Amino acid sequence: MAFCAFDDSAALFDSTPVENMFITEYMLRAPGDFVKVYLYALMLCYHPSPRMSLSAMAKDLDMQEEDVERAFKYWARDGLVRQVGDNPVCFTLANLKQLTLTQAENPGDKLYNQKNVQLIQEAERILNRQLNVSEKNVILDWRDVLELPEEVVLMLLQIEMENSGGHVSLEIAGKKALEWAHNGINTVEEVEKVIVIGRQREQELRRIFRRLGIRQNPSDDQKKMYSKWIEEWGFSYEDILEACKETAKGTPNMGYLNGILSRYYHSGWLTKRKEERQAENKERKFGGEILEKLGRVGMVPTEEDLKSIQKWHAMGASDDLIREAAISVHERGNTSFDDINRRIESWQQYGIRTIEDVENARAQVKVMNLVLYEIYKAAGMEKQPTLTDRKQLNHWYQ
């Protein structure tokens, strides 16, 4: 323990000095979360905490641990931070006045090896303009700090160029780069998937706008709201359209719709809806299977077909019994759900309700047919056993 030290509560009521040089030369162009990390680290220099680590700092700042680590890499590139230990991980912060007075070399100035020159040249070609030193460092940070591959960095610039009409804001692009890094989007294939999903969602949102009677283009905040409904709350586009019906009770707008979906989300409506959808999908899959048993491969069951299946289930017929009925009618050249319905109703009349009942009935038919063949032979007749003859034989037995 130190000979003299501040009381444990001193940090809460003390202040942390921040040089204006940091604000004017570094903070203005740095990502917001990276500034949070530096300022928190600066406070820890004045008031060390024995429990502090990358994971503890991430928890305190409500950030992902890898994003905290990226922040330290960012400030290390600018020379403000240096990692001095691996186990445990620890850092030292440079004195900005000392950096200036000694004309300390900014690590950013050392980044211009041949590989970096190629990346910057390609970036300038895409953006169709020359970049200043600060802008070059920002783009290099996407690769070196956020650890995005160069092809992803260039793809990001190309996308922003197309979306902005030729006037790319590196600040806005940097937010997207940070978002991609945070979500692990680090391949061309994943970026293409994000683009396709983004375009699809924008089209869906425009259709929802038309449904609500909104005659304007979706704003960025409205797009984020829609993404929250899909990604965080788990609603589908169809669920949101269903919720639009309730907006007729008031003034249709995104805020009103958000309130409806929030109520759905917290009331368990979505869970019930998912269960219903799973049941519907299971029923449709089973309907397709029955169509295949009828020889109608590749066809989709109609609503009437699904209602027939529901009716058979209500009559007590199991899935296996319905399958068996479909196979039975198909063997006789029939291919409709009406034929299956007649077969199941016929079985019901004879007390046949399970696969075992079907097998027993078939065994009984074989025995009766053998008896009928003997009767036909004795009577000098040549014919095949019929249902009418079997009924007559059964009557004689009774």
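In case you missed it, the structure is sitting above this.
Scoring rules and cut-offs
Residues numbered from 1 in each chain as written. Predicted model: local features only at pLDDT ≥ 70, side-chain atom pairs only at ≥ 80, totals over all residues. Heavy atoms only, no water. Helix = DSSP H or I, 4+ residues; strand = E, 2+ residues; numbered from the N terminus. Buried < 20%, exposed > 50% of the residue type's maximum accessible area, 1.4 Å probe, protein only. Lys, Arg positive; Asp, Glu negative; His and termini not counted. Salt bridge = Lys/Arg side-chain N within 4 Å of Asp/Glu carboxyl O. Polar contact = N/O pair within 3.5 Å; in protein donor to acceptor, adjacent residues only side chain to side chain. Contact = heavy atoms within 4.5 Å. Disulfide = S-S within 2.5 Å. Pairing = 2+ DSSP bridges. Axes fitted to C-alpha atoms, helices over the stretch in contact; angles between N-to-C directions. Parallel < 35°, antiparallel > 145°, perpendicular 65-115°, else oblique. Left-handed = near helix turned anticlockwise from the far one by under 90°. Phe/Tyr/Trp six-rings, centres within 6.5 Å; stacked < 30°, edge-to-face > 60°. Core = buried A, V, L, I, M, F, W, Y, C linked by side-chain atoms within 4.5 Å.

## Re the side chain of Asp 305
Here is step 1: The topology assignment puts Asp 305 in helix 16 (residues 303–314).
Here is step 2: Within the buried core, Asp 305 has no salt-bridge partner, and the shortest N-O distance to an opposite charge, that of Arg 296, equals 4.8 Å.
Here is step 3: Separated by 3.1 Å, the side chain of Asp 305 and the backbone nitrogen of Thr 302 make a polar contact.
Here is step 4: Among all residues touching Asp 305, those that are not within four sequence positions of it are Leu 291 and Phe 337.

## Topic: the state of the cysteines
Here is step 1: Enumeration according to the criterion identifies 0 disulfides in this entry.
Here is step 2: For the unlinked cysteine Cys 90, the closest cysteine sulfur is that of Cys 45, found at 11 Å.
Here is step 3: Residue Cys 90 is classed as partly exposed on the basis of its relative accessible area of 32%.

## So, the pairing of strand 2 (residues 89–93)
Here is step 1: Two strands pair when backbone bridges link them, and strand 1 (residues 81–86) and strand 2 are joined in this way by 5 bridges, in the antiparallel orientation. Counted as the bridge partner of Val 81 is Leu 93 from strand 2.
Here is step 2: A loop of 2 residues connects strand 1 with strand 2, the two strands running antiparallel in sequence.

## Topic: the packing of helix 9 (residues 150–164) against helix 10 (residues 170–182)
Here is step 1: Put simply, helix 9 and helix 10 touch, their axes get as near as 11 Å, and they point 135° apart. The pairing of helix 9 with helix 10 is recorded here as oblique in orientation. Crossing hand, helix 9 versus helix 10: right-handed. Facing Val 152, Leu 156, Leu 157, Ile 159, Glu 160 and Asn 163 of helix 9, the residues of helix 10 in contact are Leu 170, Ile 172, Ala 173, Lys 176, Ala 177 and Trp 180.

## Observations regarding the packing of aromatic side chains
Here is step 1: All told, the structure shown has 13 aromatic pairs when counted by the stated rule.
Here is step 2: Summarising the aromatic geometry, the rings of Tyr 264 and Trp 269 are spaced 4.3 Å apart at their centres and angled 20° between planes, so their arrangement reads as stacked.
Here is step 3: Judged by its relative accessible area of 22%, Trp 269 falls in the partly exposed class.
Here is step 4: Following the ring pairs from residue to residue traces out a cluster consisting of Phe 22, Tyr 26, Phe 34, Tyr 38, Tyr 74 and Trp 75.

## Description of the nonpolar core
As a rule of thumb, soluble globular proteins bury nonpolar side chains together.
Here is step 1: Counting 56 residues, the largest nonpolar core has Met 57, Trp 75, Leu 80, Ile 139, Trp 142 and Leu 157 as the members making the most contacts within it.
Here is step 2: Dropping the residues within four chain positions of it, Trp 75 is found in contact with Phe 22, Tyr 26, Ala 30, Phe 34, Val 35, Tyr 38, Leu 80 and Val 81.
Here is step 3: One finds Leu 205, Ile 208, Cys 244 and Leu 257 within the second-largest nonpolar core, a separate group that totals 20 residues.

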